[in-house]
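Structural description and commentary
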Amino acid sequence: MGKAADLSEFDRGQIVMARRLGTSITETARLVGCSRSAVVSIYAKWINDGDTSSRRQGVGRPRVIKEKGRRRLSHLVKQNRRQTVAQLTAQYIVGPSASVSEHTVRRTLLDMAMDLLGEQLLPSCTAGHTQTGVGGIMLWGTFSWAALGPVVVVEQTMKAVNYLNIIADQLHPYMAFVFPTGSGIFQQDNAPCHKARIVLEWFKEHTDKFHLMSWPPNSPDLNPMEHIWDVMERQLRAQTPLCPNISTLRDRCLDIWYNLSPVMYQKLVASMPMRVTAVLKAKGGATGY
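The structure presented is a predicted model; accordingly, all values stated were derived computationally and were not measured.

Definitions and limits used
- Along each chain, residues carry numbers from 1 onward, in the same order as the chain's sequence is written.
- With pLDDT at 70 or above as the cut-off, local features in this predicted model cover only qualifying residues; side-chain atom pairs require 80 or more to be listed or tallied, and sums for whole chains, interfaces and linings still use all residues.
- Side-chain figures throughout are based on the complete set of non-hydrogen atoms in the structure, without hydrogens or water.
- Only DSSP runs of H or I covering at least 4 residues are called helices, and only runs of E covering at least 2 are called strands; the numbering of each starts at the N terminus.
- Throughout this description, buried means an accessible area under 20% of the type-specific maximum (1.4 Å probe, protein chains only), exposed means over 50%, and partly exposed covers the range between.
- By definition in these notes, contact holds between two residues if any of their heavy atoms fall within 4.5 Å.
- Note on areas: Shrake-Rupley, 1.4 Å probe, and residue coverage restricted to the protein chains presented here.
- In the analysis that follows, any N or O atom pair within 3.5 Å is treated as a polar contact, provided that within protein one partner can donate a hydrogen and the other can accept it, and provided that, for residues neighboring in sequence, both atoms belong to side chains.
- Think of a nonpolar core as a cluster: buried Ala, Val, Leu, Ile, Met, Phe, Trp, Tyr and Cys residues, connected wherever their side-chain atoms sit within 4.5 Å.
- These domain boundaries are the output of an automatic or database domain assignment.
- Salt bridge, as used here, is a side-chain nitrogen of Lys or Arg placed within 4 Å of a carboxyl oxygen of Asp or Glu.
- For every residue, the pLDDT score states the predictor's confidence, bounded by 0 at the bottom and 100 at the top.
- Stacked, edge-to-face and tilted labels apply to pairs of Phe, Tyr and Trp rings (six-membered ring for Trp) whose centres lie within 6.5 Å, assigned for plane angles under 30 degrees, over 60, and everything in between, in that order.
- The span one expects for a helix is its residue count, reduced by one, times 1.5 Å.
- Here the bend at a residue means the angle between the axes of two seven-residue stretches, the one that ends at it and the one that starts at it.

1. Some details on the overall build of the chain
- In terms of regular secondary structure, the chain is built from twelve helices and five strands.
- The burial tally for the chain puts 48% of its 289 residues in the buried class.
- At a minimum sequence separation of 6, the contacts of the chain that also span at least 24 residues come to 68%.
- With an accessible surface of roughly 14,600 Å², the chain has 54% of that area assigned to carbon and sulfur atoms.

And the structure:
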């Protein structure tokens, strides 16, 4: 099977398009004729860098932010984990460091992976997901402070087996990429398919990769993903003409998803500690979030 570095730009483009249309990692690898790991790495590069160009290790420009600068950046993050990348960049270039772009800072943070093992519910180590029905189709998606994750168009009723396929094909490689040290915390609600025995057993088998957040009953205020679905639905309704068919609706949903502002979903993740505090204070009742 072809490795990522050996694939043509056309093949790389095919991988991105297939994944954007919700094709699983396994099926995409079969269609293109490459390994699953190649699909994961190429698609992750497209999400975070905006391109799929290949660079063999040790080839290309050296790091803009050297080791000393990376230590300083890490210190700035730990001072205030609710900052956006733009705010971090502004703070970073105030010091003796060379001027760098927000893109460089974001890429450096992802590369550093911000080892936060044991730090519960901090913005940079939490990933959330949910599924929703948007105008006739069902979507599943996930995101974290570090990067927007995949979105999947669910073609059938979400049963335990379907959900297990999604978390194995979509969630697992995403969490491994964003949280390589296993420090990530995955958030899901108490939907029946999420609590199925085969699903919970899968999560137990992968506790070395990331942790599953315990979800209290009747606490929708803890799910920041609902805000994203609301934004997407409002954007869909604002578009004219209205979607003439399911295929167009699906394409528009994917286009909106992959153009979501990083500032928006970073703020949502950053709100998690406040959400938890508010729910505890309300004893599980409604809050202002």
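2. Comments concerning the side chain of Q188
- Along the polypeptide, Q188 turns up in the loop between β4 (185-187) and α8 (197-205).
- For Q188, a relative accessible area of 4% translates into the label buried.
- A distance of 2.3 Å separates polar atoms of two side chains, one belonging to Q188 and the other to Y163.
- For Q188, the side chain forms a polar contact with the main-chain oxygen of H194, separated by 3.4 Å.

3. Side note on the nonpolar core
- L139, F143, I228, M232, W257 and L260 are the most contacted members of the largest nonpolar core, which totals 32 residues.
- Of all the secondary-structure elements, those providing two or more residues to this core are α4 (67-79), α5 (85-92), β2 (137-144), β3 (148-154), α9 (225-238), α10 (246-257) and α11 (262-270).
- Ranked by residues supplied to this core, first place goes to α9 with six residues.
- In this structure, this core is formed jointly by two domains, domain 2 (70-100) and domain 3 (138-282), each of which donates at least three residues.

4. Let's talk about the pattern of salt bridges
- All chains considered together, the criterion is met by five salt bridges.
- D169 is the partner of R36 in a salt bridge, and the nearest nitrogen-oxygen pair spans 3.3 Å. With a gap of 133 residues between them, R36 in helix α3 (residues 36-49) and D169 in helix α7 (residues 160-178) connect regions that are remote in the sequence.
- Looking at R36, the relative accessible area reads 39%, which means it is partly exposed.
- Of the residues examined, D169 reaches a relative accessible area of 15% and is grouped as buried.
- Its salt-bridge partner being E201, residue R197 comes within 3.2 Å of it at the nearest N-O pair. On the criterion of helical spacing, the pair formed by R197 and E201 is a turn pair, its members being four residues apart in helix α8.

5. A word on the confidence of the model for the chain
- Summary statistics for the chain give a mean pLDDT of 75 and a share of 73% for residues scoring 70 or more.
- When mean pLDDT is compared element by element in the chain, α8 scores highest at 91, while strand β1 (residues 126-134) scores lowest at 53.
- Low confidence marks residues 55-61, where pLDDT is under 50. Its contacts with residues over four positions away, or in another chain, come to three contacts.
- Low pLDDT (under 50) marks residues 113-125, which in the prediction has 34 contacts with non-local residues, meaning those over four places away or in another chain.

6. Here we look at the packing of aromatic side chains
- Tallied over the full model, the rule gives seven aromatic pairs.
- For the ring pair F186 and F210, a centre distance of 6.4 Å and an interplane angle of 75° mean the geometry is edge-to-face. On the criterion of sequence distance, the pair formed by F186 in strand β4 and F210 in the loop between α8 and β5 (211-212) is long-range, its members being 24 residues apart.
- With a relative accessible area of 2%, F210 lands in the buried category.
- For the pair W202 and F210, a centre-to-centre distance of 6.2 Å together with 45° between the ring planes defines the contact as tilted. Note on accessibility: W202 and F210 belong to one class, buried.
- In this structure an aromatic cluster arises from ring pairing among F186, W202, F203 and F210.

7. What to know about α7
- Along its 19 residues, α7 runs 25 Å from first to last C-alpha, staying within 8% of the 27 Å computed at 1.5 Å per residue.
- The largest bend in α7 is about 35°, located at L171, with the proline P173 one to four residues further on.
- Of all the residues in α7, the buried ones are A160, N162, Y163, I166, I167, D169, Q170, L171, P173, Y174, M175 and V178.

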